[in-house]
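# Descriptive analysis of the structure
Below, each chain spelled out in residue letters.
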Amino acid sequence: MELKICFLPGDGIGPEIMEQAGTVLEAVAEKFGHTLTASSARIGGVAIDADGVPLPQETIDACKAADAVLLGAVGGPKWDEIDPAIRPERGLLAIRKEMGLFANLRPAQLFPQLKHACFLRPDLVENGLDVMVIRELTGGIYFGEPKGIEEKDGEKMGYNTMVYYEHEVERIARVAFEAARKRDKRLCSVDKANVLDVSRLWREVVIRTHADYPDVELTHMYVDNAAMQLVRNPSQFDVIVTGNLFGDILSDEAGCITGSIGMLPSASLGTDGPGLYEPIHGSAPDIAGQDKANPLATILSVAMMLRHSFNLTAEAEAIEAAVSKVLDQGYRTGDIREEGCELIGCQKMGQLVVEAI
Ligand code: NAD
């Protein structure tokens, strides 16, 4: 199979982690007999410096011409003071919009080897922690109209509107059912249907869509309870699907619990067209250029890419197993360091994963 990938290294540690993810992708392509056709483009601060904007048209074209896009991270102190309209982070929002990415998949997995980093009591994660939060990315209260701040009855009033159309709920529900099919086949839809009308419609559409996925078990939970259950008994969840606002909060909560920001990948998908894969962490300017970054979140994003954009399950599992093996062997980057383990840099970590593949 031909894998046409567009690499967007970005800023800070972006180029370092991307280089390692690239060599891992080459290794897995070679092992399984795929042809890798790679392109590379600028986004974020490097694009501001070279092109005057965080997302040049050339980059948009390169992304749309690829089968999948792998992104490092953007931003850094160098661009903190510039016009907010062209800040590096604008490039991220713009590329998601340009590519029509409405589904954000954020797995929060606690590797057994990194249990010590978890913020929860050991007995609470005895059965592991492997939750995939799927967040609707382009609708809901962040985009709903009307919105604004107005004068009313002699004081200011601020308001936003949480809006979901049936088609928006149905398409994110389908992504979630499909993702659950590739995992433990359990989907929990999170809403606030006891209070919000928009949530009642959400629930109705999710239940209706379930008819096409009878092999997946569907449950529903109110968002306040879900926030609580994630820290009380996270192993009860397989896949969670929810709207933009609730997903923003729950995906960060689920990821943070694992205690390992350098280990968490993500995927953003549209109806068709290329998906975008990236680590959830930022550009870590404090350690950029020092060979200290953990490339595993980006390497695991490559695994997500193979699984979701190419349906290459064995290839994805090969990467995940290689990462697990390197952790088993006791190698750690600074962010996941542990007494008794060998501290290594970004390049060595990438090289070890390649060897394990
Ligand atoms: P950050 O995620 O970059 O860093 C937070 C802390 O985690 C830092 O101490 C950093 O050294 C550490 N860290 C992050 N990733 C690591 C890795 N792979 N290996 C080892 N340590 C790692 O968040 P921040 O410091 O709040 O933001 C820095 C810059 O990144 C800002 O300009 C911010 O706007 C940007 N940012 C970008 C994205 C993105 O590109 N998706 C996301 C968040 C922040």
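Residues numbered from 1 in each chain as written. Predicted model: local features only at pLDDT ≥ 70, side-chain atom pairs only at ≥ 80, totals over all residues. Heavy atoms only, no water.

- Per an unreviewed UniProt entry, the protein chain is named 3-isopropylmalate dehydrogenase, and its organism is Desulfovibrio ferrophilus.
- Taken from UniProt, the Catalytic activity (unreviewed entry) comment for the protein chain reads in full: "(2R,3S)-3-isopropylmalate + NAD(+) = 4-methyl-2-oxopentanoate + CO2 + NADH".
- Looking at the protein chain in UniProt, the text filed under Function (unreviewed entry) is "Catalyzes the oxidation of 3-carboxy-2-hydroxy-4-methylpentanoate (3-isopropylmalate) to 3-carboxy-4-methyl-2-oxopentanoate. The product decarboxylates to 4-methyl-2 oxopentanoate." (UniProt positions renumbered as here; feature names shortened; annotations may be inferred.)

## Structural notes on the site of the ligand
- Surrounding the ligand, one finds 19 residues, the nearest of these being Glu89, Gly282, Ala284, Asp286 and Asn294.
- Aspartate 286 places a side-chain nitrogen or oxygen 2.9 Å from an oxygen atom of the ligand.
- Of the residues contributing to the shell around the ligand, the split by class is nine nonpolar, six polar and four charged. (Near = heavy atom within 4 Å. Polar contact = N/O pair within 3.5 Å; in protein donor to acceptor, adjacent residues only side chain to side chain. Nonpolar A, V, L, I, M, F, W, Y, C, P; charged D, E, K, R; others polar.)

## Topic: the state of the cysteines
- Summed over the entire model, instances satisfying the criterion amount to zero disulfides.
- We note that cysteine 118 lacks a disulfide partner, and the nearest cysteine sulfur, in cysteine 256, lies 9.3 Å from it. (Disulfide = S-S within 2.5 Å.)

## Some details on helix α8 (residues 244–258)
- With 15 residues, α8 ought to run about 21 Å at 1.5 Å a step, and its terminal C-alpha atoms sit 22 Å apart, in line with that.
- Turning to α8, its buried residues number three or more, namely Asn244, Phe246, Gly247, Leu250, Ser251, Glu253, Ala254, Gly255, Ile257 and Thr258.
- For α8, the secondary structure elements touched by its buried residues are β4 (103–109), β5 (130–136), β8 (186–191), α6 (197–210), α7 (223–232) and β10 (239–242).
- Downstream of α8 by a residue or two, glycine 259 has a phi angle that is positive, lying close to 75°. (Helix = DSSP H or I, 4+ residues; strand = E, 2+ residues; numbered from the N terminus. Expected span 1.5 Å × (residues − 1). Buried < 20%, exposed > 50% of the residue type's maximum accessible area, 1.4 Å probe, protein only. Contact = heavy atoms within 4.5 Å.)

## As for the packing of aromatic side chains
- Counted under the stated rule, the structure contains two aromatic pairs.
- Where tyrosine 164 meets tryptophan 202, the ring centres are 5.3 Å apart and the plane angle is 65°; that geometry is what we call edge-to-face. In this pair, tyrosine 164 sits in the loop between β7 (155–159) and α5 (166–181) while tryptophan 202 sits in helix α6, placing the two residues 38 residues apart along the sequence. Here tyrosine 164 matches tryptophan 202 in class, with each residue buried.
- Over the ring of phenylalanine 102 we find arginine 171; its NZ or CZ atom is 4.2 Å from the centre of that ring. (Phe/Tyr/Trp six-rings, centres within 6.5 Å; stacked < 30°, edge-to-face > 60°. Lys NZ or Arg CZ within 6 Å of the ring centre and 35° of its normal.)

## Looking at unusual backbone geometry
- Here the bond from glutamate 145 into proline 146 is cis, since omega is 0°, no more than 30 degrees from zero.
- Relative to the helices and strands, proline 146 is located in the loop between β5 and β6 (148–152).
- Despite not being glycine, alanine 284 shows a phi value in the positive range, around 40°.
- Turning to its location among the elements, alanine 284 is positioned in the loop between β12 (275–279) and α9 (296–310).
- Of note in the backbone geometry, aspartate 291 takes a positive phi value of approximately 55° without being a glycine.
- Turning to its location among the elements, aspartate 291 is positioned in the loop between β12 and α9.

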